[in-house]
Amino acid sequence: MASVKSRKNKSTELQFISILKGNGITGWRRNYPMTGNPDFVFSRLKIAVFIDGCFWHGCHSHCRMPSSNVKYWNNKIEKNKIRDKQITKALKMKSWKIIRIWEHEIKTGKLNQKLKRIKETEAINRDSDRLK
């Protein structure tokens, strides 16, 4: 159990920052104080982005359970999944758009649909600002 440590997602978040910058996506903040502590927040667009680690959030394809203390880890990951759903629901009730990205999506670069959603929202927001 002690050998399984969270690295606070830092390397994954740094990769995501590079992807955002490479796609010209701006207006995001990290460590934004709000429900659920999203990894990235686009406050003007009301978009919260969560980068979910494959192990900690129970990715069906990539989560490899430790062979010891299996009951503990199953409970831990199930509680994380339940908490993720509760946070998503709470933010949606406040009219926030939620984007959840798996750690493996960043590593494989399979983010096109999710980045497209941010860009479209940015464009719609920019156009509505011009009309004001």
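Now for a description of the structure that goes with this document. (Residues numbered from 1 in each chain as written. Predicted model: local features only at pLDDT ≥ 70, side-chain atom pairs only at ≥ 80, totals over all residues. Heavy atoms only, no water.)

Right, let's get into the pattern of salt bridges. Enumeration over the complete set of coordinates arrives at 6 salt bridges. Here Glu13 ties to Arg30 by a salt bridge, and the two come within 2.6 Å at their closest N and O atoms. With Glu13 in helix H1 (residues 10-22) and Arg30 in the loop between H1 and strand E1 (40-42), this residue pair connects regions lying 17 residues apart in the sequence. By relative accessible area, Glu13 is classed as buried at 7%. Here Asp52 and Arg100 are joined by a salt bridge, their closest N and O atoms 3.1 Å apart. Residue Asp52 is located in strand E2 (residues 47-52), and its partner Arg100 is located in strand E3 (residues 97-102); the two are separated by 48 residues in the primary sequence. Because the salt bridges share partners, they merge into one network encompassing Asp52, Arg83, Asp84 and Arg100. (Salt bridge = Lys/Arg side-chain N within 4 Å of Asp/Glu carboxyl O. Helix = DSSP H or I, 4+ residues; strand = E, 2+ residues; numbered from the N terminus. Buried < 20%, exposed > 50% of the residue type's maximum accessible area, 1.4 Å probe, protein only.)

Glancing now at the pairing of E3. Pairing of E2 with E3 involves 6 bridges; the strand directions are parallel. Across the sheet, residue Ala48 finds its bridge partner in E3, namely Ile98. The parallel pair E2 and E3 is bridged by helix H2 (residues 70-93), and the resulting crossover is right-handed. (Pairing = 2+ DSSP bridges. Right-handed = clockwise from strand over helix to strand, strands pointing away.)

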